[in-house]
Amino acid sequence: ARATGSARCPGVTAVPGQVHTEDPDSQRSECKLSVWDSDEPVPRAELLKQVEGAHGLLCLLSDRIDAEVLDAAGPNLKVISTMSVGFDHLAIDEIKKRGIRVGYTPDVLTDATAELTVALLLATARRLPEGIQEVKSGGWSSWKPLWLCGYGLSGSTVGVIGLGRIGLAIARRLKPFGVKRLLYSGRQPKPQAGEVEGEHVPLDALLCESDFVVVSCSLTPDTQGLCNKDFFSKMKNTAVFINTSRGAVVNQEDLLEALASGQIAAAGLDVTTPEPLPTDHPLLRLSNCVVLPHIGSATISTRGVMAELTAQNLLCGLTGDAMPSELQL
Ligand code: NDP
Ligand code: DGY
């Protein structure tokens, strides 16, 4: 679909899907848009075709923007705006080398993602999907002292891996549940951790001592596969593992083994590898694993604000203005 819009209009809202702008001129107020007008990801071949000659590209986390796409776009491309805070789908080194600016959506999705993480943690620890299934299937025969017992937050130790914007927002929300100790790991202590009485500890200590391990770091070469056999072997048998960062931070084979063998008690995942997780994946057969379809930021208002910020970043990148949220490369 093609449409024209004002490049300087602050109210422009980008629809989910790919938009590339052609022939913008900072002296003019209009640009041409080529829109992938669907909620489904743009097919790779279509992206490679449509991006040719574009000055700007609006993308989603499901689009891999690598050297092939950048080559297909050619030298006109000066801005990439992703509707996400995570940018592991962007080949940052290549992008930087070509002098292309990047816009992203930090902060505006922090609350929604932290809220979802707490919901997933409680659903996993208190076995909500199992309970709901028992009600529907007639497995609920009567109140029984030990039936569907799980783990509570009160008096617990919570470990957060990656106390960034979202990690801190998760910690803030968990503390009022009566969490006794809040541990976190990461490359350096965070001054803002004082607010949640967070203790910066080595990863091994966090794993040994935590009743809940929450992963909220970004996906980087350092964190890829971080949660592996060795990692799970250090966790308590009664501990609950939660991941709302990226699927590739976890070695899923090792997680499967840890869950099936009772090495850890349960896992809640909002992100997996691949996405979607095939419906016959063994993780989905485990009663102690709760899998959500990457809905951390999925509130109606958050997605609206993300879309608008993504469009604003794109337009500012085209006109050479300061972006509301530019990734410092
Ligand atoms: P931030 O950049 O604020 O936080 C990322 C944190 O990761 C930093 O605090 C950093 O801490 C930490 N980190 C980096 N490397 C390591 C490491 N080796 N070990 C431990 N921690 C590490 O980003 P946000 O909080 O805004 O977002 C975090 C991630 O959450 C995104 O990158 C995205 O992947 C994911 N996300 C998922 C959503 C969902 O729908 N499930 C929604 C939104 C985001 P330090 O510098 O101290 O190492
Ligand atoms: C992100 O923004 O990185 C999330 O994964 C989706 O909102």
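What counts, and where the lines are drawn
Residues numbered from 1 in each chain as written. Chains lettered and ligands numbered in written order. Predicted model: local features only at pLDDT ≥ 70, side-chain atom pairs only at ≥ 80, totals over all residues. Heavy atoms only, no water. Pairing = 2+ DSSP bridges. Helix = DSSP H or I, 4+ residues; strand = E, 2+ residues; numbered from the N terminus. Axes fitted to C-alpha atoms, helices over the stretch in contact; angles between N-to-C directions. Contact = heavy atoms within 4.5 Å. Core = buried A, V, L, I, M, F, W, Y, C linked by side-chain atoms within 4.5 Å. Buried < 20%, exposed > 50% of the residue type's maximum accessible area, 1.4 Å probe, protein only. Near = heavy atom within 4 Å. Polar contact = N/O pair within 3.5 Å; in protein donor to acceptor, adjacent residues only side chain to side chain. Areas by Shrake-Rupley, 256 points an atom, 1.4 Å probe, with all protein chains shown as cover. 1 Å grid on protein atoms, 1.4 Å probe; cavity = no way out; pocket = protein on both sides within 12 Å on 5 of 7 lines; lining within 4 Å. Points joined across faces, edges and corners; volume = space filled by probe spheres on them. Nonpolar A, V, L, I, M, F, W, Y, C, P; charged D, E, K, R; others polar.

(A) Structural view of the sheet that holds strand E8 (residues 181-185). The parallel open sheet is built from seven strands, whose spatial order is E9-E8-E7-E10-E11-E12-E13. Taken across any chain shown, the strands that pair with only one partner, and hence form the sheet edges, are strand E9 (198-200) and strand E13 (289-291). With strand direction ignored, the average angle separating the axes of adjacent strands in the sheet is 15 degrees. With three bridges connecting them, E8 and E9 associate as parallel partners. When the sheet's bridge partners are listed, Tyr184 is paired in E9 with His200. The sheet strands contacting helix H9 (residues 252-260) are strand E11 (240-243), strand E12 (266-269) and E13, and the helix crosses E12 at an angle near 140 degrees.

(B) Up close: the nonpolar core. Counting residues in hydrophobic clusters, the biggest one holds 51 residues, and the most contacted among them are Leu57, Ile65, Ile80, Leu90, Val158 and Leu174. Per-element tally for this core: the top contributor is helix H6 (residues 165-174), with six residues. Excluding its chain neighbours within four sequence positions, the residues that come into contact with Ile80 are Leu57, Cys59, Ile65, Leu70, Leu90, Ile95, Ile100, Arg101, Val102 and Gly103. Counting residues in hydrophobic clusters, the runner-up holds 27 residues, among them Leu207, Val213, Phe231 and Leu269.

(C) Examining the site of ligand 1 more closely. For ligand 1, the set of nearby residues contains 27 residues, the closest of which are Arg165, Ile166, Arg187, Thr244 and Asp270. Here an oxygen atom of ligand 1 and a side-chain polar atom of Arg187 are 2.7 Å apart. One nitrogen or oxygen atom from the side chain of Arg246 is found 3.3 Å from an oxygen atom belonging to ligand 1. Calculation on ligand 1 without its partners gives an accessible area of 920 Å², and the protein chains cover 89% of this total.

(D) Fine view of the layout of surface pockets. By volume, the second largest pocket amounts to about 260 Å³. Considering the residues around the second largest pocket, the lining is formed by 17 residues, among which Thr124, Arg127, Glu130, Ser287 and Asn288 are closest to the centre. Of all the elements in the fold, those that place two or more residues in the lining of the second largest pocket are helix H4 (110-125), helix H5 (128-137) and E13. It is H5 that contributes the most residues to the lining of the second largest pocket, three residues altogether. Taken together, the residues of the lining of the second largest pocket sort by class into ten nonpolar, five polar and two charged.

(E) How the structure looks around the site of ligand 2. Inspection of the region around ligand 2 gives Leu61, Ser84, Val85, Gly86, Leu109, Arg246, His294, Ser297 and Met306 as its neighbouring residues. At 2.8 Å from an oxygen atom of ligand 2 is found a main-chain nitrogen or oxygen belonging to Gly86. Residue Arg246 places a side-chain N or O atom 2.7 Å away from an oxygen atom belonging to ligand 2.

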